[in-house]
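# Structural overview for review
The residues making up each chain are set out below.
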Amino acid sequence: MASPGIDTEQEPLLGDRTPGSREWDIIETEEHYKSRWISIRILYLTMFFSSVGFSIVIMSIWPYLQKIDQTADASFLGWVIASFSLGQMVASPVFGLWSNYRPRKEPLIVSIFISVVANCLYAYVHVPASHNKYYMLVARGLVGFGAGNVAVVRSYIAGATSLQERISSMANTSACQALGFILGPVFQTCFALIGEKGVTWDAIKLQINMYTAPVLLGAFLGVLNIILILTLLREHRVDDSGRQCKNVNFEEASTDEVQFPQGDIDQVAVLATNVLFFVVLFIFALFETIVTPLTMDMYAWTREQAVLYDGIILAALGVEAILIFMGVKLLSKKIGDRAILLGGLIVVWVGFFILLPWGNQFPKIQWEELHNNSIPNTTFGEIIITLWKSPREDHNEGPTGCPIEQAWCFYTPMIHLAQFLTAATLIGVGYPTCNVTSYTLYSKVLGPKPQGVYMGWLTASGSAARILGPVFISQVYTSWGPRWAFSLVCGIVVLTIMLLGVVYRRLVPFSVRHGRIQE
């Protein structure tokens, strides 16, 4: 007889049981079934909006930061991008704990409202006369705090689905998140057509340009999300068989409710999965962060070119991720989640290895138009200031190429465009593979018990990765260059593969571990 774990892989993507089937009629009513799946799909949409809120400005943060505050450097860029994840890391356990004991509408609505306000603040960071970069830092941090609702979303979906439904629902959640990462850069690319100047609404001092239009769209989507949650979301929790469980969040008690299964959770597997998830997010966060500075340095792209071209590249990777999510679901039938996670890490390692600079061709230096016999008798610092200020006074765009203050630009070979695109494609295969399998494994390890706090910690570990990843890569890249940066990343991936090998046999579902089903 086939086990439930195997049957799971053969279920439809958006739900495993249909009204009218014998098993379905016994476990829940048609009204309950429809309400449960409407609520789950509303949270798919919430996940999509959350990822759009992050990715819709990721390609334009660096040029916008340079425009509003010329004292900002690549190191500060790392902190701006990391502030999103710092806010999310702080908020995730709080919202997760909140959702375990109160109706989940509460943390969802509060968190989304915070994100709406933060997006509006981001649109006004150009207004203050000074310290603009710190206003951007605060705005992105608050957007991240609002994004802490990811823990609530995933815990709700895990608790509102049976074991057979959970693989599909987790894949759908990750696919919606990936779709947000696709459309975020696409929206940014479309808004790039507005240009840096755009239009200004003088009455409220609002500039609508390629930098602010995306966050205004994000604020609108947040308002729409709040309306949908208020009108359509209902509280549901079921056990591994799909029977309704007792739940403080559920508003209508039923005599058919069952208690949670007994048994302890494998804390070693929980900790290991958190570490694995941290590394997966760490790697992709640093890659996202470095794409724009890297392409501007290597290919002498202007700010507008970088926003447009890098937006297209990340959008293409997002499309690739959707295909990977669907492929992982099919492949997991044959080889299982753990083997797929291992394969994804290997692909990521190959991608970063290809990204290492080789050869004897060097990137364009921003001051290459000067000749040795034309350099005046001034200090090195004065030359830098002159080169930085003069072009900006005459043109909308600053100097292009690898900045002379980055010493490695003079001796590190350039990364060819074909080399970069190949590496990006491989990383775009490995990241979504590792992302969806780590989430699925984590949910299976936890089982049917309330997962709000656990999902909060998992989200917090991913947020910590998004903090440390940008800071790590911006510091190492600025000081030592891409060769050292990507070599260290390769080493981190190797250590992660070794960790996975050590805990491989412990990453099994809760029900399998306690002998309720066969693996």
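What counts and how
- Residues numbered from 1 in each chain as written.
- Predicted model: local features only at pLDDT ≥ 70, side-chain atom pairs only at ≥ 80, totals over all residues.
- Heavy atoms only, no water.
- UniProt positions renumbered as here; feature names shortened; annotations may be inferred.
- Axes fitted to C-alpha atoms, helices over the stretch in contact; angles between N-to-C directions.
- Helix = DSSP H or I, 4+ residues; strand = E, 2+ residues; numbered from the N terminus.
- Parallel < 35°, antiparallel > 145°, perpendicular 65-115°, else oblique.
- Left-handed = near helix turned anticlockwise from the far one by under 90°.
- Contact = heavy atoms within 4.5 Å.
- Nonpolar A, V, L, I, M, F, W, Y, C, P; charged D, E, K, R; others polar.
- Phe/Tyr/Trp six-rings, centres within 6.5 Å; stacked < 30°, edge-to-face > 60°.
- Buried < 20%, exposed > 50% of the residue type's maximum accessible area, 1.4 Å probe, protein only.
- Disulfide = S-S within 2.5 Å.
- Expected span 1.5 Å × (residues − 1).
- Arc of directions from axis to C-beta.

As recorded in an unreviewed UniProt entry, the protein goes by Major facilitator superfamily domain containing 8 and comes from Panthera leo. Under the UniProt heading Subcellular location (unreviewed entry), the entry covering the protein gives this text: "Endomembrane system".

Turning our eyes to something else, we now look at the packing of helix α11 (residues 267-299) against helix α12 (residues 303-335). Viewed as axis vectors pointing N to C, α11 and α12 meet at an angle of 140 degrees, and their least axial separation amounts to 10 Å. Accordingly, the angle class assigned to the pair α11 and α12 is oblique. The interaxial crossing formed by α11 with α12 has right-handed handedness. Between α11 and α12, the residues in contact are Phe 287, Val 291, Thr 292, Thr 295 and Met 296 and Arg 303, Ala 306, Asp 310 and Leu 317, respectively. Looking at the contact of α11 with α12, its residues break down into five nonpolar, two polar and two charged.

Tallied over the full model, the rule gives 18 aromatic pairs. Taken together, a centroid distance of 6.3 Å and an interplanar angle of 85 degrees make the contact between Phe 287 and Phe 352 edge-to-face. A residue pair is termed long-range when its members are at least 10 positions apart, and Phe 287 in helix α11 and Phe 352 in helix α13 (residues 337-354) qualify at 65 residues. With respect to class, Phe 287 is no different from Phe 352; both count as buried. Ring geometry for Trp 349 against Phe 353: centres 5.2 Å apart, planes inclined by 15 degrees, an arrangement best described as stacked. Note that Trp 349 and Phe 353 are positioned in helix α13 at a spacing of four residues, about one turn of the helix. On the basis of relative accessible area, Phe 353 is assigned to the partly exposed category, the value being 40%. An aromatic cluster is present here, built from Phe 287, Phe 352, Phe 420 and Phe 486 joined pairwise through their rings.

Evaluation of the coordinates by the stated rule reveals one disulfide. Between the sulfur atoms of Cys 402 and its disulfide mate Cys 409 the distance is 1.9 Å. Residues Cys 402 and Cys 409 share a disulfide whose torsion about the S-S bond is about -60 degrees; that sign makes it left-handed. Since its relative accessible area comes to 1%, Cys 409 is described here as buried.

Let us look at α13. Between its terminal C-alpha atoms α13 stretches 26 Å, which fits the 26 Å expected from 18 residues at 1.5 Å a residue. Turning to α13, its buried residues are Asp 337, Arg 338, Ile 340, Leu 341, Gly 344, Leu 345, Val 348, Gly 351 and Phe 352. For α13, the arc enclosing every buried residue in end-on projection is 160 degrees, short of the 170-degree limit, so these residues lie on one face. Residues of α13 that are buried in the fold lie against α11, α12, α15 (417-446) and α17 (482-503).

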